Amino acid sequence: MTHLTRSFYTKPTRQLARDLLGCTLVRRLNGQRLAGIIVEAEAYIGEDDLACHARVGRTPRNAVMYGKPGLAYVYFTYGMHWMLNVVSEGEEFPAAVLIRALEPVEGIDQMMQHRARRCALIGLCSGPAKLTQALRIDRALNGVDLCNRQGDLWIEAGDPLPARSIQHGPRVGLGDTPEPWLSKPWRFWVKGNPFVSK
DNA sequence: CGCCAGATCCACT
DNA sequence: GTGGATCTGGCGG
């Protein structure tokens, strides 16, 4: 297993979202590996996508999305939650993949302790804010390069998934985002995997 | 079970 | 001042 490289991330966002399924997200914390297989992800694509943070143009908050593919875009929301995204496409085009759920693999006891509430394995990383809590991902990791071999956050390749085991549907939590963006089937998940958020 | 409100704070208007 | 790419517990059916 080794770090995915820049070329893996330099592709259309929906393709990247599909390709990330089955890969392993790894967090190095105090010399320990915390890791899980990505089983759910969503695409947010450009300034035209009215569900994407870049819909208002470039701001200090969303600037990382305009950067190199393979950067981590980590933002704070709802007054208490951190979200992890992987920047996609190409430099200056603002797009990213939201990591929504992991199947926990390594450092499970440690991840359990990081969660504010006691929870079962099935609910440990089954949501975008749950997994950042479990892996201790916050503002300190915003803008880090997932391709950096010296870094504390990266992604490793997994066994390729057959197309038939990938399902897709509308994105979650978009509130009153107008159509057609509200219904764009830009959420992808591993069919039948119990660690998916919904 | 499903539905709903409260938590909590920062970026942008 | 407003509202959000969420989570959780409480309440009603």
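The coordinates are above.
A. Main features of the pairing of strand 2 (residues 32–45). Most of strand 2 is tucked away: 11 of the 14 residues are buried. Direction of pairing for strand 1 (residues 24–29) relative to strand 2: antiparallel, over a ladder of six bridges. Each residue of the ladder has a partner; that of V26, found in strand 2, is A35. One ladder, built from 10 bridges, connects strand 2 with strand 5 (residues 95–106); its direction is antiparallel. Across the sheet, the residue bridging to I45 is A95, located in strand 5. With three bridges joining them, strand 2 and strand 8 (residues 187–190) adopt antiparallel strand pairing. Bridged to E42 within strand 8 is R187.

B. Broad picture of the pairing of strand 8. Because side chains alternate across strand 8, one face comprises the buried residues R187 and W189, and the other comprises F188 and V190, equally buried. Taken together, the four bridges between strand 7 (residues 166–169) and strand 8 define a ladder with antiparallel strand orientation. Among the inter-strand pairings, H168 is bridged to a residue of strand 8, identified as F188.

C. Quick peek at the nonpolar core. In this structure, Y9, L20, L25, I99 and I155 are the most contacted members of the largest nonpolar core, which totals 41 residues. Residue contacts for Y9: discarding those within four places in its chain leaves L4, L16, L20, P69, G70, V86, V87, S88, E89, L146, C147 and I155. Among the nonpolar cores identified, the runner-up in size contains 16 residues, and C52, M83, A96 and L98 belong to it.

Reading the values: the criteria
Residue numbering note: each chain is counted from 1, following its sequence as written. Chains and ligands are labelled by the order in which they are written, letters from A for the one and numbers from 1 for the other. For a predicted model such as this one, the threshold for reporting local features is a pLDDT of at least 70, and the threshold for listing and counting side-chain atom pairs is 80 or more; totals across whole chains, interfaces and linings nevertheless cover every residue. Neither water nor hydrogens contribute to the side-chain values; these are computed over all heavy atoms in the structure. Only protein chains enter the area calculation, which uses a 1.4 Å probe; residues under 20% of their type maximum are buried, those over 50% are exposed, and those in between are partly exposed. In this text, helices come from DSSP runs of H or I with a minimum length of four residues, and strands from runs of E with a minimum of two, each type numbered from the N-terminal end. Strand pairing is defined by DSSP finding a minimum of two bridges between the two strands. Buried Ala, Val, Leu, Ile, Met, Phe, Trp, Tyr and Cys residues form a nonpolar core when they are joined through side-chain atoms within 4.5 Å. The criterion used for residue contact is that any of the two residues' heavy atoms lie within 4.5 Å.

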